[in-house]
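Structural description and commentary
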Amino acid sequence: MRWTKLAALSAAGVTAVSLAACSSGGPSGSGGSGSGNGNGNNTAAAKQSEAAVAATNPDLKAPAPEVKGAKKGGTLYIDDHSNPPTMDPAGIYYVDSNAFATQYMYRTLTQFQIVKGKPVLVPDMAEGVGKQSADGLTWTFKIRKGLKYSDGSPVKIEDFVYGLKRSFAKESVALNGTDYQRQFLVGGKDYKGPYKQPNADFKGVTTKGDDTLVFHLVKKLPSFNYFASFPEFTPVPKAKDTKGDYQKHPLTTGPYKVDSYNIGSKLTLSRNTNWDPKTDPVRHAYPDKVQINLAITDLGSQQRILANSGTGTNTVNIGEIDASLESKVTGAQKDQFALGPSSCEYYVNLDVNKIPLEVRKAVGYAYPFNQIRKAAGLSKLNYQPATTYAAPSLQGYKKYDPLPYATGQGNGDPAKAKAILKKAGKVGFELKYYYTGDDPSAVAANTAKKNGLIKAGFKVKDIPVPKAERTKKIADPKAPVNMSQGTPGWCYDWPTGDSVYPVLFSGEGIPDGTTVGQFKNATVNAEMDKISKMDPEKAAPEWAKLDQEIMTKYVPGLPDYYSMNTATFGKNVQNVTLNPIISMPNLSQLWVKQ
Amino acid sequence: MTAGPGGVNETLTEVGQVHGTDGATAVLGKTDHGDDGGQQSKSPRQIAFARLRKDRIAVICTVIIGLFLLMGIFAPLIAGIEGQNPTDPHFDLIGDDNLPTFYTSGDHWLGLTANSGYDVFARFVYGIRPSFAIALIVTIVTTIIGVLLGLVAGFFGGWIDRVIGWLVDFVLSLPFLLFAIALVPIMTTYLVPGGQPTSSEVQKIRIFAVFIALIFFGWAGLCRLIRGEVLALREREFVQAARSLGAPTKRILFKEMLPNLTSVILVAFTTSLPAWIGAEAGLSYLGVGISLPTADWGLDIALGQQQMQAFPLPMLVPLVGLLILVLCLSLLGDAVSDAFNPNTRR
């Protein structure tokens, strides 16, 4: 999934570990106790490594048991600093819009239930979590009876097919959407969607009777039922499709319907009376209304929430906690703050075609992680230093001894880096990269980064670009830079390796800018193909092995940090739990105290 | 600008006081005879400066401004006494929560900034440089442009006056802050050699862009003021006399009229200097002026503000500095205005 949630930090990097702090009595609250304690005893670290094991429970029965003490009524406010490019189910692929859509608006084939903090895949509109054929090339989902849209009309089986077909219309409604349906469904590579090819015979999905969907795959995807939890799988009736305008007045199947949607500022939802809780094993609809405020400033919103003033008492903020509020949410107001693992990790990309391997390792030795994170002024609550390419909540994640050039923390070792450069005859190697030039924390972080690299004997050409343009610039594979190009981070789509490694390292994503270090290697590709076809349980340790192999042999990027899943909420907002797979709170479980 | 009766009397009195005699006698009696050569009549400018010297506020402000100027000029020396550099980060003294681990110390007299750990005192001493330098240059350039265009417009009239007048109206009708914020990034994009400037190149371009923005807006007000004065002056007898004697235009403009405008210009100069210092700091504060790691008061206030509740010193030091400097410059500007224009004296 894409990484909007932490877009502000992708330029910077963040803190987690402190150095020996000398004296107490300063403004730094941690001054007295700081003693280079690493990350071992950090609560965040402990939580992050509670892996989100890929578990399923196909027999979960609807309706969901009531939340203890929960009452209906009131308005819930959700503050989101980013602005999702679309709320059309065919194009949703961002952490925030995915959560709003799947928890409130669009029901799909499968969904997640959080059991003791761990996500379990459970049925949604389908009766089970799908059945895989023996050869793994067919997936069958039986749909529940009695499902209705928000206007009261019944959900028909062909609406599912039409909804999925819309997600191929990459030129319009599916612009930023998922790509798996193109890679895995039969005919997906050539199908252009129902607008461009209204009469095309798309063979990727067929129906059987009036309640069964059959998906036909070109290659095995054991995690297909996880993919089926994406809004791309929600039904859309062809007669009601208004193409680009559909996101403003959609027919919803979830517990809420859209009252109004002002793109870029506000999405207002109210209870959908045609949603039947007896068909839904997880969701609730406690608040009467939900108002989602988009593109807000996190600091102001969090201050309002922690002051419990105005609508702040009924608000959830889903952004990373501001460093200046850290002492509040770890102290007196810690019951208004939730912290848990996420699916996201950030990287420092090093272009394998432009920077030689030895020099890439030297960058790793020199990289001043701690200075950059401090300069950016980021709260340690939001991050953990990373030493692998996959987030620890991935199934089968195995932490190996961090390689000396990929520790994800520390002040950098300029002397060691310089020695390596000298040996390779590359002293004065020029590193060129884009950074966000109109954000003070990003500028401060870049100053620290540049200093650290120059100290190690590199030349640095740092090119500032506006925040709004950076996403586009770093996705351009032909840009005249050699560092920090490609995806700044990745949040896996489901907790198995096939939604991480092939995306980042197969080279398929180079034109879209979703790779780490423009990496493409035939040996690694062959290995990934082999592992993708295995059962998830068997594949997990193989993915972990591959992680270590890429880190040891190729170093297409330095792991920077695992981001944490956080929520700050007003004192009236109850039952806040976090979902590590979608990296958001479980919005459908919230209720508001009157 | 022409002094009313009260002003004249007062001026006469003051001239008299300088000479230790009754004002009227001094002017009408002795100096006209010229029989004590050391005693000359005072020009209005000399009288004004005499007034300024007696104005306690003006003197105090001048001293303070002088100290600030010296601080800016000798910044490396002063920061050298402390042994710190404004652009050296001290990450080792920053704690877990991105705040410094101490308030002040012998090495860091006014402590460190949050996050990067820059020395607050060194940044204070250096931080006056961009503000003052930019404001001073902008004031000088805008004064020259404004005076020249004002003289030309007022003296020649006709279509020249109309064109310049239209330009002045146009510039004054643009919202300054909004325009400057928009202009700086746009200029940065267009002034780039090759389209890929590094951070240090961008820094230079931005300073240049700030100059352009401030100069673009600075000249118009003064131009309009000078034009009005010139319209009045050009009908005066001495100008008519010079004209009828066939003096060249250049001589009339610069030898006959300009000296009579000195006081207007001086007052405009002293009052606009603090305004430009404030404008530069404001632009840097809003993130379109100077950027890190360069020390600048406006920028440092913006950075310090983020941790204001936990650790206010890094914000207060440049803030108080800016406050005192702008206040002193404004008070001095008022005093200069009063000295040249007795009608406005309290």
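The structure displayed is predicted, hence computed values, not measured ones. (Residues numbered from 1 in each chain as written. Chains lettered and ligands numbered in written order. Predicted model: local features only at pLDDT ≥ 70, side-chain atom pairs only at ≥ 80, totals over all residues. Heavy atoms only, no water.)

This part covers the pairing of strand E13 (residues 337-349) of chain A. All names here are of chain A. Among the 13 residues in E13, 13 count as buried, and that is most of the element. Sheet topology note: the E13/strand E18 (residues 557-569) ladder contains 10 bridges and is antiparallel. Within E18, the position partnered with Val-348 by the bridge is Leu-558. Sheet topology places E13 next to strand E17 (residues 489-491); three bridges connect them, and they run antiparallel. Bridged to Glu-345 within E17 is Trp-490. (Buried < 20%, exposed > 50% of the residue type's maximum accessible area, 1.4 Å probe, protein only. Helix = DSSP H or I, 4+ residues; strand = E, 2+ residues; numbered from the N terminus. Pairing = 2+ DSSP bridges.)

Further remarks concern the confidence of the model for chain B. All names here are of chain B. Confidence in the prediction for chain B averages 80 pLDDT; 85% of positions are at 70 or higher. Within chain B, helix H2 (residues 23-33) has the poorest average pLDDT of any element, 43, and helix H7 (residues 158-173) the best, 92. Here residues 1-13 is a poorly scored stretch, pLDDT under 50, and it has 17 contacts once near neighbours within four places are set aside; other chains count. With pLDDT under 50 throughout, residues 18-37 is counted as low confidence; its partners more than four residues away or in other chains account for 21 contacts. (pLDDT = per-residue confidence, 0-100. Contact = heavy atoms within 4.5 Å.)

What UniProt calls "transmembrane region" (unreviewed entry) maps, in this numbering, to residues 57-79, 132-156, 163-187, 207-226, 258-277 and 315-333 of chain B. Taken end to end, residues 132-156 of chain B comprises 100% helix and 0% strand; its first and last C-alpha atoms sit 36 Å apart. (UniProt positions renumbered as here; feature names shortened; annotations may be inferred.)

This part is about the state of the cysteines. Evaluation of the coordinates by the stated rule reveals one disulfide over all chains. Each sulfur in the disulfide pair Cys-344 of chain A and Cys-491 of chain A lies 2.0 Å from the other. Given an S-S torsion of about 105 degrees, the disulfide between Cys-344 of chain A and Cys-491 of chain A has right-handed geometry. Of this pair, Cys-344 of chain A sits in strand E13 while Cys-491 of chain A sits in strand E17; the two residues are 147 residues apart in sequence, bridging distant segments of the chain. Cys-61 of chain B carries a free sulfur, and the closest cysteine sulfur to it, the one in Cys-328 of chain B, is 4.2 Å from it. (Disulfide = S-S within 2.5 Å.)

It is worth spelling out the environment of Ile-263 of chain A at this point. Residues and elements named next belong to chain A. Along the chain, Ile-263 turns up in the loop between strand E9 (256-262) and strand E10 (266-271). Given a relative accessible area of 47%, Ile-263 falls into the partly exposed group. Sequence-wise, Ile-263 and Asp-280 are 17 residues apart; in three dimensions their C-alpha atoms are separated by 29 Å. In this structure Ile-263 touches Gln-247 and Lys-248, once residues within four positions along its chain are discounted.

Attention shifts here to the sheet that holds strand E8 (residues 212-216) of chain A. Residue and element names in this part refer to chain A. Pairing within the open sheet is antiparallel, and its four strands lie in the order E5-E6-E8-E7. Among the strands making up the open sheet, the edge pair consists of strand E5 (131-132) and strand E7 (205-208). Two elements, strand E6 (residues 138-142) and E8, share five bridges in a ladder whose sense is antiparallel. Within the sheet, the bridge partner assigned to Phe-141 lies in E8 and is Leu-213. Against the sheet, helix H3 (residues 157-166) engages E7 and E8, with an angle of about 30 degrees to E8. (Axes fitted to C-alpha atoms, helices over the stretch in contact; angles between N-to-C directions.)

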